[in-house]
Amino acid sequence: MTRSTFAVLGHPIGHSRSPALHASAYHALGLPWNYEAVDVTEAQLPSFVAGLGPAWRGLSLTMPLKRAVVSLLDECDDLVAMIGVANTVLLSPGVGGVTRHGFNTDVGGVVDALGAAHADLRDVRVLGSGATATSVLVALAGLGAASVTVSARSPHKAGHLLVLAQQLGVELVIVPLDTQRVTDPTLLISTVPGGAQLAFPVPTSLTASAVLLDVAYDPWPTLLAAQWAEAGGTVLSGLEMLMWQALRQVRVFVSGNQNTTLANEHAVVAAMRASVGLAVTHE
C-alpha cells in the first residue's frame, strides 16, 4: 500500500496534538500513513502548498491559516463555500496536476463534542469572533440554538458574523469582550487562545449542566476553565473538539467524505481518545 504523507500546518505548531490523534487512527486502521506537524506562516502558505510532491495526500490547517487557505483551493464543500473557513485539504490527482479540495470539519467537531455533553442551548455565549467562532456559530445553529451572544475584542470587526447569523436564522448580539454578564450562560464557548487572560466574569456558583467548551488545550487548564470548574460547572477541553474534528478529517482522507463512517470506527475513536488522554467510553 502506498505510504501517503499528511501534515497539520500552523504558526506556532509545536503544541499540536493532531499528529498523535492521526497516528493512532491510522494505526488502528492498518494504514502506513505518515502525519507530521509543520510550522507554516500565512505568508509561507502559498509556496508550501505549491511545492508539495506526489506523496502528499492531505493537510490539516490551524491558526492562522483557516481563511488563508481558501484562495488556494480548486474545490470546496458547502460549509467552506458558505463561511470561507477551511481546516482540511484533500489532495488528489486531477487534470493537469493535483486537485485541492477543501473541507470544514470544525463545525462537525463542535456539534459532536456538544452533543456528547448534552449542552443546554437556552443561553449561549461565544468568546471571540475569528475563524473558529465562525464555525462555532454554524454548529450552534445546526444544534438548534435560537440566539447567541458573541463577545468580541473588536465588535466593529465582527460584522461578518451578523451576516452569517442572518443566513442561519439565528438572533445574534455582539458585545465587547469585557462586558459584564447580564445572565449566567448555560453554555459558554471560548474560541480565544489558551494563554489569553479573559475578562469574562465567571459566576461563583454553577450547576453541572452549565457547560464550558474551551477550544484551547495548551496550556491546560486555561484560567477560564479552572474558574469554571471551581464554580461547579462542566468543562470540556479543546481536545474534545479537536478529537471529533480530527475523526472527520480521517474520514475525508480515507474516503473523501467526512460523513462516511470508518471501518471499525468505535475502535478508531477509542485509540484517538487514548492517544491524547481523553476518557474512553464503552458504549
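Scroll up to find the structure.
Summarised in this report is the structure supplied together with it. Just so it is clear, the model here is predicted, and its values are computed rather than measured.

Close contact between helix H4 (residues 106-117) and helix H5 (residues 131-143) brings their axes to 8 Å; oriented N to C, the two are set at 50 degrees. The orientation of H4 relative to H5 falls into the category oblique. Crossing geometry of H4 relative to H5 is assigned as right-handed. Residue-level contacts link Asp106, Val107, Val110, Val111 and Leu114 of H4 to Ser135, Val136, Val138, Ala139, Leu140 and Leu143 of H5. Of the residues in the contact of H4 with H5, the class split is nine nonpolar, one polar and one charged.

What follows is about the packing of helix H8 (residues 238-255) against helix H9 (residues 265-275). Across the interface, H8 lies against H9 with an axial gap of 11 Å and an inter-helix angle of 135 degrees. Comparing their axes, H9 and H8 come out oblique. The crossing of H8 and H9 is right-handed. Facing H8, whose interface residues are Glu240, Met243, Trp244, Ala246, Leu247, Val250 and Arg251, H9 presents Glu265, Val268, Val269, Met272 and Arg273.

Attention now moves to the sheet that holds strand S3 (residues 56-61). Spatially, six strands are ordered S2-S1-S3-S5-S6-S4 in an open sheet, and the strand pairing comes out mixed. Since the sheet does not close on itself, it has two edges, and those belong to strand S2 (34-39) and strand S4 (75-76), each with one partner. Alignment of S4 against strand S6 (residues 97-103), held across two bridges, turns out to be parallel. Residue pairing for S6: Cys76 is matched across the bridge by Gly102.

Omega for the bond connecting Met63 with Pro64 falls within 30 degrees of zero, at 0 degrees, which places this linkage in the cis form. Examined against the element boundaries, Pro64 turns out to sit in the loop between S3 and S4. The linkage connecting Trp220 with the following residue, Pro221, adopts the cis geometry, with an omega of 0 degrees. By secondary structure assignment, the location of Pro221 is in the loop between strand S11 (211-214) and helix H7 (223-230). Phi angles above zero are rare outside glycine, and His118 is one such case at about 55 degrees. Mapped onto the elements of the fold, His118 is located in the loop between H4 and strand S7 (124-127). Since its relative accessible area comes to 70%, His118 is described here as exposed. Residue Asn264 is not a glycine yet carries a positive backbone phi of 55 degrees. Here Asn264 lies in the loop between H8 and H9. When its relative accessible area of 55% is taken as the criterion, Asn264 is described as exposed.

Look at H4: 17 Å from first C-alpha to last across 12 residues, which is about the 16 Å you get at 1.5 Å a residue. Taken together, the buried positions of H4 are occupied by Asp106, Val107, Gly108, Gly109, Val110, Ala113 and Leu114. Contact partners of the buried residues in H4: helix H3 (78-83), H5, strand S10 (187-190), S11, strand S12 (234-236) and H8. Looking one or two places after H4, you find His118, whose phi comes out positive at around 55 degrees.

Moving on to the pairing of strand S9 (residues 171-176). Bridge count for strand S8 (residues 147-152) against S9 is six bridges, and the pairing is parallel. Bridge pairing in S9 links Val148 to Leu172. Each parallel crossover has a hand, and the one from S8 via helix H6 (residues 159-168) to S9 is right-handed.

The rules behind each value
Residues numbered from 1 in each chain as written. Predicted model: local features only at pLDDT ≥ 70, side-chain atom pairs only at ≥ 80, totals over all residues. Heavy atoms only, no water. Axes fitted to C-alpha atoms, helices over the stretch in contact; angles between N-to-C directions. Helix = DSSP H or I, 4+ residues; strand = E, 2+ residues; numbered from the N terminus. Parallel < 35°, antiparallel > 145°, perpendicular 65-115°, else oblique. Left-handed = near helix turned anticlockwise from the far one by under 90°. Contact = heavy atoms within 4.5 Å. Nonpolar A, V, L, I, M, F, W, Y, C, P; charged D, E, K, R; others polar. Pairing = 2+ DSSP bridges. Buried < 20%, exposed > 50% of the residue type's maximum accessible area, 1.4 Å probe, protein only. Expected span 1.5 Å × (residues − 1). Right-handed = clockwise from strand over helix to strand, strands pointing away.

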